Amino acid sequence: MEKAGLEGIVAADSAVSHVDGQAGKLIYRGYEVQDLAANCTFEQVAHLIWRGALPTAAELVALKRTLAAHRPLSEQMAHVLSELPASAPPMSVLRTCVSIIGLSDPRAESPEAGVNLEIAEELTAQMSSIVASIHRIRRGLPPVRPEPGLSHAGNFLYMLTGKRPSDLAEEVFDDCLVLHVDHGFNASTFTARVIASTLSDLYSAITGAIGALRGPLHGGANQHVMEMLEQIGEPARAADYVKGLLAAKKKVMGFGHRVYKTGDPRAAVLRRWSRTLGEKLGDTRWADISAIIEQVMADEKGLDCNVDFYSASVYHMLGIPNDLFTPIFAVARVVGWTAHVLEQYANNRLIRPLSNYTGPLGLRAAPR
């Protein structure tokens, strides 16, 4: 029986991550994501995703050095960013920049797994700097050079604002990156694997993945969540606002999930951080509004929130503009995308599903 949107269809084997929708678990190479968020940094998790094991102390130092070495923007990339329209959507700019990096990389067509792993590490470093620089340049500010002593999470916040982040902000954002690193065969990851299955280059696969993530039904949801929270404005208005959306049969962004049946495990981590950040800032209204919405949706629709719902208020309280929420998703997910591309290359078969034809049959053209 045909499945719309390939729902329930197993497309390939993968050892990168596992989404257990019935149990409400997300597992990266054997580790539950909450455990990794609590005990590991983004760099450690990236090593795990790419290489299949958490790093030794020496391996972690080596990866940090690689990321630090490739965070500075090239003169070519700085020029490209300065020439692109300031009004262009950041995801479109990011997509273009990744494609341009591929054009100038002589290794782009290499079939060697080691070379493509190097590209994956370098691209992860560069995408973070590109997204932060997009924001600076469109505001008429010069890009900030990365600080080698900061973590990947800390560097992004520093390059975005020009100020060293607090320990709390760095820890929170590091957790956000860990939670978004991978998520099974989601739309953007599957896009990357389909492209890789043609034996196209890694840059093409990641450019395609960014295009898929750009859509509001995939990576764009958290931006719309924050826009909803801002429209509500005060906790006293939250319940009636959401009930109004439901009565009008409009979608409440950040709720429901195609796979999870018992709640998104990533949402629990972000819920806690939303409350903690609000208390630290002396303004818990975003956490309060979110909690009310979550309760109304549970009571009225029996729906749990997903990772997008609480990531919105967390990013907002970290000082991140709404339209950078989805690019930040890409900054983390590039680790998973590239790991899946490498896995596809290692055991490749062209991904070529069938379609269920619903058009007419037996038509004949009239003679000329």
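Before reading further, recall that the structure is shown in the block above.
Residues numbered from 1 in each chain as written. Predicted model: local features only at pLDDT ≥ 70, side-chain atom pairs only at ≥ 80, totals over all residues. Heavy atoms only, no water.

(A) Structural view of the environment of Ala212. Here Ala212 lies in helix 10 (residues 202-213). By relative accessible area, which is 22% here, Ala212 ends up partly exposed. Sequence spacing of Ala212 and Thr284 is 72 residues, and the spatial spacing of their C-alpha atoms is 34 Å. Among residues more than four places away in sequence, those in contact with Ala212 are Ala187, Ser188, Thr191 and His218. (Helix = DSSP H or I, 4+ residues; strand = E, 2+ residues; numbered from the N terminus. Buried < 20%, exposed > 50% of the residue type's maximum accessible area, 1.4 Å probe, protein only. Contact = heavy atoms within 4.5 Å.)

(B) Molecular detail of the pairing of strand 2 (residues 25-28). Bridge analysis of strand 1 (residues 17-20) against strand 2 gives four bridges, and the strand direction is antiparallel. Within strand 2, the position partnered with Val19 by the bridge is Leu26. As consecutive antiparallel partners, strand 1 and strand 2 are separated by four residues, and within that stretch Gly24 has a phi angle of approximately 70°, a positive value. Pairing geometry for strand 2 and strand 3 (residues 31-32), over two bridges, is antiparallel. Across the sheet, residue Ile27 finds its bridge partner in strand 3, namely Glu32. Counted between consecutive antiparallel strands, the loop separating strand 2 from strand 3 contains two residues, among which Arg29 sits at a positive phi close to 45°. (Pairing = 2+ DSSP bridges.)

So, to be careful, I would describe these as geometric facts and stop short of saying anything about function.
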